[in-house]
Amino acid sequence: MDLLKRPRRNRLSPAIRDLVQETRLHSSDFVIPFFVLSGSNRKEAIPSMPGIYRFSKDLIIKEIEAVVKQGVLAIALFPVIPEEEKDLAASGAFLENSLIPLTILEIKKHFPHLFIICDVALDPYTSHGHDGIIDSSGNILNDETVEALERQALILASKGADAVAPSDMMDGRIKSIRRRLDQESFINTNIISYAAKYASSLYSPFRDALCSSPKFGDKKSYQMNPANVREALLEAKLDVEEGADILLIKPASIYLDVIYRVKQETDLPIAAYHVSGEYAMVMSAHEKGYLDASKVFYETLLSIKRAGADMIFTYGFNCIAPFL
Ligand code: PBG
């Protein structure tokens with residue numbers, strides 16, 4: 001054949017393939033989520049997330065040590081709150097010496113340089129499992145919820161959280177949280193905004209982990225319609241104006257177009273959350289022998305980075321760590 005251009009030349013050996021590789025994964029790309037239990041020496045399996053556990057804070061230290069040794073720089077904390085401690089006002093979210101504040105202090109003692117990201121949302125603490133304060137008809141009240149989120153964020157910042165990550169999708173919460181943190185001198189606490197969080201069916205294993213499934217209705221009046229991408233740009237731009245430091249898109253692997261568009265059209269770093277359902281689907285196929293979870297996660301996380309994510313929250317880190 002008379003071919004001037006033969007793209008296969010750049011794929012013929014491992015060396016040339018590596019030399020022309022455009023996107024690479026590093027341990028420092030990842031944020032590792034942890035589900036925190038009260039008490040000590042507790043480790044509970046989460047059946048819908050094979051390989052992932054809820055840990056009490058003493059055991060989390062050992063888990064963190066392992067990932068830090070592999071070069072991980074950041075973790076995210078999510079509390080598992082017993083049913084009897086939940087209420088309509090999400091009171092548990094505003095307690096000074098409660099599970100997450102104490103866990104932050106303990107982790108900082110052992111790993112002062114680890115970047116700790118704390119979720120700001122009421123759903124682990126509300127008796128109904130929604131991310132907001134509700135009225136008597138079950139409507140989520142935006143402004144009352146934002147006020148509660150400010151208080152929650154302030155406690156987390158005061159205990160040493162490096163970043164607060166509002167995952168609730170209320171309007172105006174970034175501006176209010178930023179103002180409140182600044183008023184109280186927490187000018188260096190980073191805000192990672194879940195700017196485009198979709199009302200996805202892929203969060204159910206996470207809700208199993210936290211026992212936080214909504215007791216009525218769904219989250220569609222605050223989380224976004226999976227059909228929309230222009231709305232994600234609107235949300236992202238508002239969060240930029242309101243003072244976010246990092247924009248997060250969630251879920252990740254079936255929303256690569258959203259990651260790409262938000263990356264192109266804004267200037268902030270982009271985080272993506274490879275969520276519990278994205279993890280569970282691959283793990284269950286792996287357990288059946290249909291595919292190799294490590295390879296699928298590697299490819300998926302690479303795609304998420306290629307689309308524009310600067311950092312990725314994932315439960316799949318341990319599966320891909322040997323290949324980094
Ligand atoms: C809480 C929150 C959720 C997730 C992260 N923060 C659940 C939800 O919104 O219902 C999901 C993460 C995952 O599925 O891994 N607001």
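No experiment lies behind these values; they were computed from the predicted model shown. (Residues numbered from 1 in each chain as written. Predicted model: local features only at pLDDT ≥ 70, side-chain atom pairs only at ≥ 80, totals over all residues. Heavy atoms only, no water.)

**A look at the overall build of the chain**
Then, in step 1: A tally of regular secondary structure across the chain gives eleven helices and twelve strands.
Then, in step 2: What you see for the chain is a C-alpha radius of gyration of 20 Å, in line with the 20 Å of a compact globule of 324 residues.
Then, in step 3: Its C-alpha atoms give the chain principal-axis dimensions of about 75 × 45 × 40 Å.
Then, in step 4: The burial tally for the chain puts 54% of its 324 residues in the buried class.
Then, in step 5: Considering only contacts within the chain whose residues lie at least 6 apart along the sequence, 73% involve residues at least 24 apart. (Helix = DSSP H or I, 4+ residues; strand = E, 2+ residues; numbered from the N terminus. Rg over C-alpha atoms; globule rule 2.2 N^0.38 Å. Buried < 20%, exposed > 50% of the residue type's maximum accessible area, 1.4 Å probe, protein only. Contact = heavy atoms within 4.5 Å.)

**Brief notes about the site of the ligand**
Then, in step 1: As a matter of local geometry, the ligand sits amid 18 residues, with K197, R207, K250, S276 and Y315 nearest to it.
Then, in step 2: At 2.9 Å, a side-chain N or O of Q223 approaches an oxygen atom of the ligand.
Then, in step 3: Between a nitrogen atom of the ligand and a side-chain N or O atom of K250, the distance comes to 3.3 Å.
Then, in step 4: Here the ligand, which alone exposes 400 Å², has 100% of that area covered by the protein.
Then, in step 5: Residues of the shell around the ligand, tallied by class, amount to eight nonpolar, three polar and seven charged. (Near = heavy atom within 4 Å. Polar contact = N/O pair within 3.5 Å; in protein donor to acceptor, adjacent residues only side chain to side chain. Areas by Shrake-Rupley, 256 points an atom, 1.4 Å probe, with all protein chains shown as cover. Nonpolar A, V, L, I, M, F, W, Y, C, P; charged D, E, K, R; others polar.)

**Looking at the packing of helix α8 (residues 256–265) against helix α10 (residues 293–307)**
The description of two helices packed together rests on the angle between their axes and the distance between the axes.
Then, in step 1: Relative orientation of the contacting elements α8 and α10 amounts to 30°, with a least axis distance of 8 Å. Between α8 and α10, the angle falls in the class roughly parallel. Where α8 abuts α10, its residues L256, I259 and Y260 lie against S303, I304 and A307.
Then, in step 2: When its residues are assigned to classes, the contact of α8 with α10 shows five nonpolar, one polar and no charged. (Axes fitted to C-alpha atoms, helices over the stretch in contact; angles between N-to-C directions. Parallel < 35°, antiparallel > 145°, perpendicular 65-115°, else oblique.)

**Considerations on unusual backbone geometry**
Then, in step 1: With an omega of -10°, the peptide bond between K250 and P251 qualifies as cis.
Then, in step 2: Position of P251 relative to the elements: it lies in the loop between β10 (246–250) and α8.

**Examining helix α9 (residues 276–287)**
Then, in step 1: For α9, which comprises twelve residues, the first-to-last C-alpha distance of 16 Å matches the rise-based estimate of 16 Å (1.5 Å per residue) to within 8%.
Then, in step 2: Taken as a whole, α9 has its buried residues at S276, G277, E278, Y279, A280, V282, M283 and A285.
Then, in step 3: Buried residues belonging to α9 abut α6 (204–210), β11 (270–273), α10 and α11 (317–320).
Then, in step 4: At the C-terminal side of α9, G289 shows a positive phi close to 85°. (Expected span 1.5 Å × (residues − 1).)

**Comments concerning the state of the cysteines**
Then, in step 1: Taken as a whole, this structure holds zero disulfides when the rule is applied.
Then, in step 2: With no disulfide of its own, C118 has C211 as its nearest cysteine by sulfur position, at a separation of 20 Å.
Then, in step 3: By relative accessible area, which is 41% here, C211 ends up partly exposed. (Disulfide = S-S within 2.5 Å.)

**Here's the deal with the packing of aromatic side chains**
Then, in step 1: All told, the structure shown has 13 aromatic pairs when counted by the stated rule.
Then, in step 2: Consider the rings of F35 and Y315, whose centres lie 5.9 Å apart with planes at 20°: the pair is stacked. Residue F35 is found in strand β1 (residues 30–37), and its partner Y315 is found in the loop between β12 (311–313) and α11; the two are separated by 280 residues along the sequence. Per residue, the accessibility class of F35 equals that of Y315, and both read buried.
Then, in step 3: Pairing Y279 with F297 gives two aromatic rings, centres 5.4 Å apart and planes at 5°, and the pair type is stacked. Placement of Y279 in helix α9 and of F297 in helix α10 is noted, with a sequence separation of 18 residues between them.
Then, in step 4: Note on Y279: relative accessible area 2%, which makes it buried.
Then, in step 5: Assessed through its relative accessible area of 0%, F297 is described here as buried. (Phe/Tyr/Trp six-rings, centres within 6.5 Å; stacked < 30°, edge-to-face > 60°.)

All quantities given are derived from atomic positions and should not be read as evidence of function.
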